[in-house]
Amino acid sequence: MSASSAEAAVVVALVKAGRTKIRYPADVVRDDGVRVTVRAPWAAPGVRDFGFVRFEPGDVFTEHYWRDRWFAVKEVRTGAGGLKGWYCDITRPTVLRDGELLVEDLDLDLWVSADGSSVLRLDEDEFEESGLAGRDPAAAGAALRALDELEHLARTEGLAALLA
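Residues numbered from 1 in each chain as written. Predicted model: local features only at pLDDT ≥ 70, side-chain atom pairs only at ≥ 80, totals over all residues. Heavy atoms only, no water.

(A) Broad picture of the nonpolar core. Core analysis: the largest hydrophobic core is formed by 24 residues, its most contacted members being F71, V73, I90, L110, L150, L159 and L162. Put simply, the parts of the chain that give this core at least two residues each are β7 (71–77), β8 (83–91), β10 (100–113), α3 (137–155) and α4 (159–163). Setting aside residues no more than four positions away along its own chain, I90 makes contact with W70, F71, E104, D105, L106, D107, L108, D109, A143, A146, L147 and L150. V12, V38, Y65 and A72 belong to the second largest nonpolar core, which has 13 residues in total. (Core = buried A, V, L, I, M, F, W, Y, C linked by side-chain atoms within 4.5 Å. Buried < 20%, exposed > 50% of the residue type's maximum accessible area, 1.4 Å probe, protein only. Helix = DSSP H or I, 4+ residues; strand = E, 2+ residues; numbered from the N terminus. Contact = heavy atoms within 4.5 Å.)

Quick look at the structure:
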């Protein structure tokens, strides 16, 4: 799919530990062959309050997935367009096949507030408990490097430069 075929529909399938965690429809905003950008409303039922941010009905996610990188970056905005921040998932490189965007979540996450003042590494305990380091040391290493890369970008030039 090329950038000229924007607004096609796909289904995002988020898989964790071999199980589908959530599936939801999204509109393709851009696909340059390396990065796929989709837009979708908050797909989970109700409100999810993390303490540092609330995801709720009406929120809009512009999600950036790479076929050659071990992360996904989700820009989160209110229904009125106000930027809440960026929620980053550490994932295997994404695969788009037959209208489905397959995303394998590797537990590690990063939150970056809208003003960049808060950069939080999340779920490192879940990552350790997952046993990925023992089962697939190369993937575990790639995941940790991806988290470090995103954190470095967030603390220096900001994630907006990555998404431009």
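Still more ground to cover, so stick around.
(B) Layout of the pattern of salt bridges. Evaluation of the coordinates by the stated rule reveals 17 salt bridges. A salt bridge links R23 to E100; the nearest nitrogen and oxygen atoms lie 2.3 Å apart. With R23 in strand β2 (residues 19–31) and E100 in strand β10, this pair connects stretches of sequence that are 77 residues apart. Residue classification places R23 among the partly exposed positions, given a relative accessible area of 48%. R121 is paired through a salt bridge with E151; the nearest N and O atoms lie 2.6 Å apart. With R121 in strand β11 (residues 119–122) and E151 in helix α3, this residue pair connects regions lying 30 residues apart in the sequence. A relative accessible area of 28% places R121 in the partly exposed class. A relative accessible area of 15% means that E151 is categorised as buried. The network of salt bridges with shared partners includes D49, R54, E56, D59 and K84. (Salt bridge = Lys/Arg side-chain N within 4 Å of Asp/Glu carboxyl O.)

All we've got here are geometric facts, nothing functional implied.
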